[in-house]
Amino acid sequence: QVQLVESGGGLVQAGGSLRLSCAASGRTFSTYVMGWFRQAPGKEREFVASISRSGGNTYYADSVKGRFTISRDNAKNTVYLQMNSLKPEDTAVYYCAARGRGTYYAPVSGKEYDYWGQGTQVTVSS
């Protein structure tokens, strides 16, 4: 089992940047595909990005491609989401998630993940 704790959210102006972190407990972090999701008020949770166990493969939602970068440091049991050129529509609670089944690095459905963090709020003002 793994526990996930997100941090790094906050209030930022449009065009600004934030870096989210997700720290995982346990010694098997490198065996999990990791993902980031977000949920805005009144909307369904949506996929943002995912990364393979080694970090060599990444996958992004079209809405964030070219602006967000997912990365991981297996030595630190941490996955990151660097968010640049933020827009008001990026406002949401951001969640990291871990998938312990298989090696496919682009699972976009929340149902494909086994563990979730508590979320961190990102607010982008116009």
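Residues numbered from 1 in each chain as written. Predicted model: local features only at pLDDT ≥ 70, side-chain atom pairs only at ≥ 80, totals over all residues. Heavy atoms only, no water.

Visitor: Please explain the pattern of salt bridges as it appears in this structure.
Guide: When the charged atoms of two side chains with opposite charge come close together, those side chains can pair. Taken as a whole and judged by the stated rule, the model has six salt bridges. Note that Arg101 and Asp114 form a salt bridge whose closest N and O atoms lie 2.8 Å from each other. On the criterion of sequence distance, the pair formed by Arg101 in the loop between β9 (92-99) and β10 (115-116) and Asp114 in the loop between β9 and β10 is long-range, its members being 13 residues apart. Assessed through its relative accessible area of 40%, Arg101 is described here as partly exposed. Taking relative accessible area as the criterion, Asp114 reaches 32% and is therefore assigned partly exposed. One network of salt bridges, with partners in common, ties together Arg38, Glu46, Arg67 and Asp90. (Salt bridge = Lys/Arg side-chain N within 4 Å of Asp/Glu carboxyl O. Helix = DSSP H or I, 4+ residues; strand = E, 2+ residues; numbered from the N terminus. Buried < 20%, exposed > 50% of the residue type's maximum accessible area, 1.4 Å probe, protein only.)

Visitor: Even after reading the chapter, I still don't get the state of the cysteines, so can you show me in this structure?
Guide: Cysteine pairs can be covalently joined through their sulfur atoms, and such a bond is termed a disulfide. Following the criterion strictly, the structure yields one disulfide and no others. Here Cys22 pairs with Cys96 through a disulfide, and the sulfurs are 1.9 Å apart. A torsion of 40 degrees about the S-S bond marks the disulfide between Cys22 and Cys96 as right-handed. Taken together, the residues span a long stretch of sequence, with Cys22 in strand β3 (residues 18-24) and Cys96 in strand β9 at a distance of 74 residues. (Disulfide = S-S within 2.5 Å.)

Visitor: Looking at this structure, how should I read unusual backbone geometry?
Guide: For residues besides glycine, phi is generally negative; the peptide bonds are generally trans as well. For Asn77, which is not glycine, the phi torsion reads 55 degrees and is therefore positive. In this fold, Asn77 is placed in the loop between β7 (68-73) and β8 (78-83). Accessibility expressed as a relative area gives 18% for Asn77, which makes it buried.

Visitor: I tried to follow the side chain of Ser21 on my own but got confused; where do I start?
Guide: By the secondary structure assignment, Ser21 is in strand β3. If we ignore the near neighbours within four places in the chain, the residues touching Ser21 are Val5, Glu6, Ser7, Trp36, Thr78, Val79 and Tyr80. (Contact = heavy atoms within 4.5 Å.)

Visitor: Mind showing me how you'd approach the nonpolar core here?
Guide: One recurring pattern in soluble globular proteins is that nonpolar side chains are buried together. Counting residues in hydrophobic clusters, the biggest one holds 34 residues, and the most contacted among them are Met34, Trp36, Leu81, Met83 and Tyr94. When residues of this core are traced back to their parent elements, those giving at least two are β3, β4 (33-39), β5 (46-51), β7, β8, β9 and β11 (120-125). Residues in contact with Tyr94, not counting those within four places in the same chain, are Glu6, Leu20, Trp36, Phe37, Arg38, Val48, Phe68, Leu81, Met83, Gly119, Thr120 and Val122. (Core = buried A, V, L, I, M, F, W, Y, C linked by side-chain atoms within 4.5 Å.)

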